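Examining the three-dimensional arrangement
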Amino acid sequence: MIDNLYMPYLMRIERITYEAPGVKTFMLKFVNDADQEKFSYKAGQFGEYSVYGVGESTFCIASPPTRKGYIECTFRQTGKVTNALSGCEEGSIIGFRGPYGNVFPIDEWKGKSLLFIAGGIALPPMRCVIWNALDLRENFKDITIIYGARTVKDLVYKEELKDWELRKDVRLVTTVDPGGESPDWKGEVGFVPTIVEKIAPSSKDTIAIVCGPPVMIKYTFPVLAKLGFTDEMIYTTLENRMKCGFGKCGRCNVGKVYVCKDGPVFTAAQLKELPDEY
Amino acid sequence: MNIDKRLVRKDSLEKLFDILKQNSKKIYAPSEKNGKITFRDAENFKGISTGYIQTTQSSKDITFPRAEKILDYSKSKEGMSVKGIDLKEIPEIILWGVRPCDANGIGELSSIFNWDYKDEIYNNRLSKVTVFGFSCNKSDEYCFCTSVGGNPGNTLGSDILFTRMGDDGDYLAEILTEKGNVIVSIAPQLFEKSENSEKEKYLAEVPVRFNHEEIKNKLDKFFESKEWIEQSLRCLGCGACAYVCPTCACFDIQDEAHGKKGSRVRCWDSCGFSHFTIHTSGHNPRDAQSQRWRQRIMHKFSYMPERLSVYGCTGCGRCSRACPVDMNILENLISIQEVTI
Amino acid sequence: MVDLIKRAKELIESSSVKVVIGYEQGTGNKTRALFVENSEDADKLIFDSRCIQNLAAYITKKEIKEKGKMAVAATLPVMRSIIQLASEFQVTDANILVLGITPESKLIEFGNLAEVEKFVHQYEIEIDVRNKEMLDKLEKMTQPERWQFWIDELAPCFKCYACRAACPMCYCSRCTVDFNQPQWIPVPSTELGNLEWHIMRAIHLTGRCIDCDACYNACPLSIPINLLTKRMLLDAKEHFGGYQPALKGEHLMSTYKPDDKENFIQ
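Residues numbered from 1 in each chain as written. Chains lettered and ligands numbered in written order. Predicted model: local features only at pLDDT ≥ 70, side-chain atom pairs only at ≥ 80, totals over all residues. Heavy atoms only, no water.

1. Concerning the overall build of chain A
Applicable threshold: Only DSSP runs of H or I with at least four residues qualify as helices, and only runs of E with at least two residues qualify as strands; both kinds are numbered from the N terminus onward. Based on C-alpha atoms, the radius of gyration is set beside the globule rule, defined as 2.2 Å times the residue count to the power 0.38. For the exposure calls, accessible area comes from a 1.4 Å probe over protein chains only, and a residue counts as buried if that area is under 20% of its type's maximum, exposed if over 50%, partly exposed in between. A contact between two residues is defined here by any heavy atoms of the two lying within 4.5 Å. The method behind every accessible area is Shrake-Rupley, applied with a 1.4 Å probe, and residues are considered shielded solely by the protein chains displayed. In this tally, Lys and Arg are treated as positive and Asp and Glu as negative; His is ignored, and so are the chain termini. One atom stands in for each charge, and that atom is NZ of Lys, CZ of Arg, CG of Asp or CD of Glu.
If you tally the helices and strands in chain A, you get seven helices and 15 strands. Here chain A has a C-alpha radius of gyration of 18 Å; the compact-globule value for 278 residues is 19 Å, and the two agree. By its C-alpha atoms, chain A is 55 × 45 × 35 Å across when sized along the principal axes. The buried share among the 278 residues of chain A stands at 61%. Long-range contacts, defined as pairs at least 24 residues apart, comprise 68% of the intrachain contacts of chain A with a sequence gap of at least 6. A total of about 11300 Å² of accessible surface is found on chain A, and carbon and sulfur atoms cover 51% of it. Computing the positive centroid from 35 side-chain charges and the negative centroid from 35, chain A places the two 1 Å apart.

2. Some words on the packing of aromatic side chains
For the record, the criterion: Any Phe, Tyr or Trp ring, taking Trp's six-membered ring, that has another such ring centre within 6.5 Å forms a pair; planes under 30 degrees apart are called stacked, those over 60 apart edge-to-face, and the others tilted.
Applying the stated criterion to the full structure yields 49 aromatic pairs over all chains. Here the aromatic rings of tryptophan 131 of chain A and tryptophan 164 of chain A are separated by 5.7 Å at their centres, their planes lie at 55°, and the arrangement is tilted. Here the residue tryptophan 131 of chain A occupies a position in helix H3 (residues 123-135), and tryptophan 164 of chain A occupies one in helix H4 (residues 158-166), the gap between them amounting to 33 residues. By relative accessible area, tryptophan 131 of chain A is classed as buried at 8%. Ring geometry for tyrosine 243 of chain B versus tryptophan 268 of chain B: centroids 5.4 Å apart, planes at 55°, classification tilted. Note that tyrosine 243 of chain B is positioned in helix H8 (residues 240-244) and tryptophan 268 of chain B in strand S12 (residues 261-268), a separation of 25 residues in sequence.

3. Side note on the domain arrangement of chain A
Residue and element names in this part refer to chain A. The condition that has to hold: Marked domain ranges trace back to an automatic or database domain assignment. Two parts lose some accessible area (1.4 Å probe) when they are put together, and adding that loss for both gives the buried area. Throughout this description, the term salt bridge denotes a Lys or Arg side-chain nitrogen within 4 Å of a carboxyl oxygen of Asp or Glu.
If you check the domain split of chain A, you get domain 1 (9-100) and domain 2 (106-237). The interface of domain 1 with domain 2 comprises 19 residues on the first partner and 17 residues on the second. Here domain 1 packs against domain 2, burying approximately 1400 Å² in sum over the two surfaces, 58% of which is carbon and sulfur. Here domain 1 is connected to domain 2 by two salt bridges. For the salt bridge of glutamate 72 with arginine 127, the shortest nitrogen-to-oxygen distance reads 3.0 Å.

4. Side note on the packing of helix H5 (residues 192-199) of chain A against helix H6 (residues 214-226) of chain A
Residue and element names in this part refer to chain A. Note the following rule: Only the stretch in contact is used when a helix axis is fitted, and all axes are lines through C-alpha atoms; the angle between N-to-C directions ranges over 0 to 180 degrees. Convention used here: angles under 35 degrees read as roughly parallel, angles over 145 as roughly antiparallel, angles from 65 to 115 as roughly perpendicular, and any remaining angle as oblique. The sense of a crossing depends on the near helix, which, turned anticlockwise from the far helix by less than a right angle, makes the crossing left-handed and, turned clockwise, makes it right-handed. Just so you know the grouping, Ala, Val, Leu, Ile, Met, Phe, Trp, Tyr, Cys and Pro go in nonpolar, Asp, Glu, Lys and Arg go in charged, and all remaining residues, Gly too, go in polar.
Closest axis-to-axis distance for the H5/H6 pair is 8 Å, and the angle between their directions is 15°. It follows from the interaxial angle that H5 and H6 lie roughly parallel. The interaxial crossing formed by H5 with H6 has right-handed handedness. Of H6, the residues touching H5 (which contributes Val192, Pro193, Val196 and Glu197) are Met216, Tyr219, Thr220, Val223, Leu224 and Lys226. Its residues placed into classes, the contact of H5 with H6 shows seven nonpolar, one polar and two charged.

5. With respect to the interface of chain B and chain A
Our working definition: Distance and chemistry together define a polar contact, namely a pair of N or O atoms within 3.5 Å, with one atom able to donate a hydrogen and the other to accept it when in protein, and with adjacent residues in sequence counting only for side-chain atoms on both sides.
Each side of the interface is counted separately: chain B has 48 residues, and chain A has 44 residues. Taking both sides of the interface into account, the surface hidden between chain B and chain A amounts to around 3900 Å²; carbon and sulfur atoms contribute 56%. For chain B, the biggest contributors to the area lost against chain A are Trp115, Tyr117 and Arg264 of chain B; these three give 16% of the whole. Here chain B is connected to chain A by seven salt bridges. One salt bridge connects arginine 286 of chain B with glutamate 277 of chain A, and the closest N-O pair in it is separated by 2.8 Å. Here chain B and chain A share 28 residue pairs in polar contact (both at pLDDT 80 or more) between them.

6. So, the pairing of strand S5 (residues 71-76) of chain A
All names here are of chain A. This is how it is decided: Strand pairing follows a simple DSSP-based rule, namely that at least 2 bridges must link the two strands.
Most of S5 is tucked away, with five of its six residues classed as buried. The pairing of strand S2 (residues 23-30) with S5 spans six bridges and is classified as antiparallel. Within S5, the position partnered with threonine 25 by the bridge is threonine 74.

7. Brief notes about the packing of helix H6 (residues 212-219) of chain B against helix H9 (residues 289-308) of chain B
Residues and elements named next belong to chain B. At a minimum axis distance of 9 Å, the contact between H6 and H9 shows a crossing angle of 95°. In this view, H6 runs roughly perpendicular relative to H9, as classed from their interaxial angle. When H6 is examined against H9, the residues Ile215, Lys216 and Leu219 are found in contact with a partner set consisting of Ile297, Met298, Phe301, Ser302, Pro305 and Glu306. Class assignment for the residues of the contact of H6 with H9 results in six nonpolar, one polar and two charged.

8. With respect to the layout of surface pockets
As a reminder, the rule being used: Only protein atoms enter the 1 Å grid used here, on which a cavity is any set of points holding a 1.4 Å probe that cannot leave and a pocket is any open set flanked by protein within 12 Å on both sides along at least five of seven lines; residues with an atom within 4 Å of a point are listed as lining. Grid points are joined across faces, edges and corners, and a volume is the space filled by probe spheres set on the points.
Volume-wise, the second largest pocket comes out at about 740 Å³. Taken together, 32 residues line the second largest pocket, and the ones lying closest to its centre are Lys36, Arg321 and Cys323 of chain B together with Lys30 and Asn217 of chain C. Residue assignment for the lining of the second largest pocket shows that the elements contributing at least two residues are strand S3 (36-41) and helix H10 (318-322) of chain B together with strand S2 (31-36) and helix H9 (214-218) of chain C. Top contributing element to the lining of the second largest pocket by residue count: H9 of chain C, with four residues. Taken together, the residues of the lining of the second largest pocket sort by class into 14 nonpolar, ten polar and eight charged. Here the lining of the second largest pocket spans two domains, and each of domain 1 (2-120) and domain 2 (129-240) of chain C adds at least three residues to it.

9. What about empty space enclosed by the protein?
Residues and elements named next belong to chain B. Throughout the structure, instances matching the rule amount to 13 cavities of 30 Å³ or more. There is about 190 Å³ of room inside the largest cavity. If you trace the largest cavity, you find 21 residues lining it, with Cys235, Cys238, Cys241, Trp293 and Met327 closest to the centre. Elements with a contribution of two residues or more to the lining of the largest cavity: H8, H9 and H10. A per-element tally of the lining of the largest cavity places H9 first, with four residues. Classifying every residue of the lining of the largest cavity by side-chain character gives 14 nonpolar, five polar and two charged.

10. Overview of the sheet that holds strand S5 (residues 79-84) of chain B
Residues and elements named next belong to chain B. The strand order across the open sheet formed by four strands is S5-S4-S12-S11, and the pairing between neighbours is antiparallel. Pairing within the sheet leaves two strands with one partner each, and these edge strands are S5 and strand S11 (251-258). Ignoring strand direction, the axes of neighbouring strands in this sheet form an average angle of 20°. Across eight bridges, S11 lies against S12 in antiparallel orientation. What sits directly across from aspartate 255, in S12, is arginine 264.

11. Focus on the nonpolar core
Here is the rule: Working definition of a nonpolar core: buried Ala, Val, Leu, Ile, Met, Phe, Trp, Tyr and Cys residues. They are joined through side-chain atoms within 4.5 Å.
Formed by 195 residues in total, the largest nonpolar core has its most connected members in Phe301 of chain B together with Val72 and Ile82 of chain C. Setting aside residues no more than four positions away along its own chain, isoleucine 82 of chain C makes contact with Ala56, Ile59, Val72, Ala74, Val91, Ile96, Val98 and Leu113 of chain C. Counting residues in each nonpolar core, the second largest holds 39 residues, with Ala122, Ile130, Phe140 and Tyr157 of chain A among its members.

Structural data, given as structure tokens:
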């Protein structure tokens, strides 16, 4: 049988975690052991998740490659496919094809400090890198996570946030947009770029990984520049619409760069070379 | 390499068709409906259109169908079963009457489907197609193959290229590939030894209208040009240009459910549609028609040459002929060449 | 059209409008839309029997609307479309000036849309003889024959949506086919899906279509889809009274009346 590029792996939903209103995390295991054996990926890559009869949707693999035997994805219920996914129960079979795209060069970051900045539903692509780094904690110096959401309710991975908060080897700063705080909220209040400026993390020997809505990225980059980060020290991911995931369907390109193949991971330096088409 | 050139008498073409049919070959040839000529399953030789400059639609439907099943699934109590399409069921097809620009387009389309990831569904379809190219002895103001490296007698992409020698003359057949040899071996008596193998004088004259390398270089610095807005004002954002194009490959993937079973289908899509790139959030990186028109030209004349080392245009002129509002790609390329940055 | 060129220049020079939409010579033997924004460009304006594109399709186009007040060189079908668009609150006197071109090719400038309406109402919408014959032929077919006719005619449709793009009445920013929750019409071009799309379109246009044939003229495959809208136009005429686009008119198919003889809506 010749490989059919469009043929997904069959995946069983092992566990569903409710993260925030409309946001769920699926833990997926390969139905066929042989698929599991040949499957490998790296932090930053994404896949096409499908509900048979409904369609495919693109999101990142949110679990780190250091955890074997399963993958996780986190999605917000917004479109046709994510609505159908949301209706799936534990034990349901869905499709997954991937991994696609490039990776965060974690190996190159050895010996450096890491600063993660995430907004809203953009924590999942970063969570993969965060856990990857935490699982190899001795390879890195300081690890700082700044994470903001619109309201307290919208913060995802609440259990993990507690875990990171308790860890001595991680500095976690959470923030919600003004007006989004609950009475017992102990974190920061303010937009992510403002909080980054306030916290003022050191840029010395540090890699910044920024994921979030375009407007957050736009306002965070100048703040990082002020703190001494060069464009080569800042990484982000782009999320253009795509169908195939392997450079053929014609949707995701930003100028001559294909987000599905050349991305989704880009440095701020690379981003500056791209036309405004994302 | 010396090309095997044969003489096919004008009456022999029908015989060839009949013999191939007798050998159970499926032949797709241009035929007319509502005044438009398109490749269809040809039952008999009489139904094949002749004398056309160009078919309305390209032949890409054969290797890259407008809607193509890529897998079947069925749900049952036992679980989920998913089956990819059986590539063995893809029929062998003779594509009859392809213009050299279209035949050339097959290569350009292939480069998209084989860029890094190899699309075996496409490749399998292509491997089962034998292309009978027919050189052009006339052209119109929409043709510009010579501006993008082609010519009216281009052999690229054809397995056999037929050139009619004179208005009512016999055909010169150039046997170009192993697939072409197979055809000759089916009806060797129809492929006679050729005395006259000069085809140039019978070919249409298509003047070179622009320099494609100059355009490519210019486009590198042209992204922000106002020219895109001016050119695209009358564009209505339909997909006619993309769907008649031999090299446009944009597609969508859709599921078609029928109760507990169904299939996943790959179907044509177009960068001209306003919702082509829209995010679920509502954000659209190509929100204006000018941005979508820019994408169409940039993809063909800048991104493809840069990333795939081929141009995404064969100069067939179909998009310009089909456009309901006279968006003429040749005119627009010439004005890009002329405008100063 | 010397008058038109002269008037276009005046309108642009006096900043009465930002853009004049008319026709120019296109490539080959085609004519095409021209957007005159400076007076020199007005010299390119032409008008002859080839100028059949319905320019009203541009009135609701974002890129054109953004320019500001427009003047449109409008033939009778274009004027009808403008009135229908006005009745659907898509255009008002504040953003359009109609430079009418009468069936006798005379330029006639209207002070407001009410005048355009009055002019338009002098002419009944008539279906031409050739299409009338075709409709009669279809009418005489048995139901299975007619079904087969449409299956065959619509099979080549590859869903480029040129029909939709060229139609002034198809101005929805998100068409039913672009919605996927639920997915009423399948995205791929399929035998049944094509039929669904064209039937849905014809029904959506019933009582709104002014029979300009823009859809048919735009179709790259020359599929006679206008027969569907023409049929609906005749049916609407027969069952719901005559049809003329009107500024304050009741919308033929979408206005609820308490005395409606059907009771499904009550």
